[in-house]
Amino acid sequence: MADDALFQFLHNEVIQYVYKSAENGEMENGRCITKLESMGFRVGQGLIERFTKDTARFKDELDIMKFICKDFWTSVFKKQIDNLRTNHQGIYVLQDNKFRLLTQLSAGKQYLEYAPKYLAFTCGLVRGGLSNLGVKSIVTAEVSVMPACKFQVMIQK
């Protein structure tokens, strides 16, 4: 349980650091989300390399997405994705009804405008993992009621 608290604390401190840097003029304020996403991308690449070193090759992109939803998500967030949907045309929606990085903020719509900065790192995490598995993608997140969120993965052909 201690590693959960450490991960959440580190995540919060990274967000605060990036946004404080923007306030101090070290970077533009609009680049904060991009910076967090690129940090997540690099971490995702490293983690997926570690998690897949002893697994068999994946048959198709659906198998890759199932791996992300089960094994990858469980390793990082200690639970599986609650729902995976696809239109079988390269768009996948991963739904987490109790996303761990948002549970500390609020339950409801009170702090909804702050959610994107807490989701950027995770979007990069997923995109980096997929990238290292040979799947080029765009990952976005949306929150309508916290702490539930949906990650939309669009596979680039």
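Bear in mind the structure is a predicted one, so any value in this text is a computation, not a measurement.

Chemist: Would you explain the overall build of the protein chain in this entry?
Modeler: When helices and strands are tallied, the protein chain shows four helices and four strands. When the elements of the protein chain are put in sequence order from the N terminus, they spell out α-α-α-β-β-α-β-β. A compact globule built from 157 residues should have a C-alpha radius of gyration of about 15 Å, and the protein chain, at 15 Å, falls within 12% of that. Taking the principal axes of its C-alpha atoms as reference, the protein chain extends roughly 45 × 35 × 30 Å. When the 157 residues of the protein chain are sorted by exposure, 39% land in the buried category. Counted over contacts in the protein chain with a minimum sequence separation of 6, partners at least 24 positions apart contribute 59%. Counting every atom, the protein chain has about 9200 Å² of accessible surface; 50% of that belongs to carbon and sulfur. The positive charge centre, built from 21 side chains, and the negative charge centre, built from 17, are 3 Å apart in the protein chain.

Chemist: Which parts of the structure should I look at to understand helix α2 (residues 32-51)?
Modeler: Note on helix geometry: an α-helix contains 3.6 residues per turn, so any two residues three or four positions apart are oriented the same way. Helix length check: α2, at 20 residues, gives a terminal C-alpha distance of 28 Å against a target of 28 Å (1.5 Å per residue), a fit within 8%. Buried within α2 are the following residues: C32, L36, E37, G40, F41, G44, Q45 and I48.

Chemist: Please clarify how the sheet that holds strand β3 (residues 137-142) should be interpreted in this entry.
Modeler: Strands belonging to one sheet form pairs held by backbone hydrogen bonds; the direction of such a pair is parallel or antiparallel. If you walk across this open sheet you meet the four strands as β1-β2-β4-β3, and the pairing is antiparallel. Since the sheet does not close on itself, it has two edges, and those belong to β1 (83-86) and β3, each with one partner. Sheet twist, expressed as the average angle between the axes of neighbouring strands with direction ignored, equals 20°. Direction of pairing for β1 relative to strand β2 (residues 91-96): antiparallel, over a ladder of four bridges. What sits directly across from R85, in β2, is V93. In this fold helix α3 (residues 61-77) packs onto β1, β2 and β4 (149-155), with an angle of close to 15° to the strand it touches most, β2. Helix-sheet contacts for helix α4 (residues 115-132) involve β3 and β4, and the interaxial angle to β3 is about 155°.

Chemist: Help me understand the nonpolar core in this model?
Modeler: In summary, soluble globular proteins display a tendency toward joint burial of nonpolar side chains. Counting residues in hydrophobic clusters, the biggest one holds 39 residues, and the most contacted among them are L94, F99, L102, L119, L130, F151 and V153. Going through the elements one at a time, α1 (2-23), α2, α3, β2, α4 and β4 are the ones with two or more residues in this core. The contacts of L119, once residues within four sequence positions are left out, are F99, L102, A141, V143, C149 and F151.

Chemist: What should I look at first to understand α4 in this one?
Modeler: Given a rise of 1.5 Å per residue, 18 residues ought to cover 26 Å, and the 27 Å separating the end C-alpha atoms of α4 matches this to within 8%. In terms of burial, α4 is a largely internal element, 14 of the 18 residues being buried. Immediately downstream of α4, the backbone of G134 shows phi near 85°, a positive value.

Rules used throughout
- Residues numbered from 1 in each chain as written.
- Predicted model: local features only at pLDDT ≥ 70, side-chain atom pairs only at ≥ 80, totals over all residues.
- Heavy atoms only, no water.
- Helix = DSSP H or I, 4+ residues; strand = E, 2+ residues; numbered from the N terminus.
- Rg over C-alpha atoms; globule rule 2.2 N^0.38 Å.
- Buried < 20%, exposed > 50% of the residue type's maximum accessible area, 1.4 Å probe, protein only.
- Contact = heavy atoms within 4.5 Å.
- Areas by Shrake-Rupley, 256 points an atom, 1.4 Å probe, with all protein chains shown as cover.
- Lys, Arg positive; Asp, Glu negative; His and termini not counted.
- Charge placed at Lys NZ, Arg CZ, Asp CG, Glu CD.
- Expected span 1.5 Å × (residues − 1).
- Pairing = 2+ DSSP bridges.
- Axes fitted to C-alpha atoms, helices over the stretch in contact; angles between N-to-C directions.
- Core = buried A, V, L, I, M, F, W, Y, C linked by side-chain atoms within 4.5 Å.

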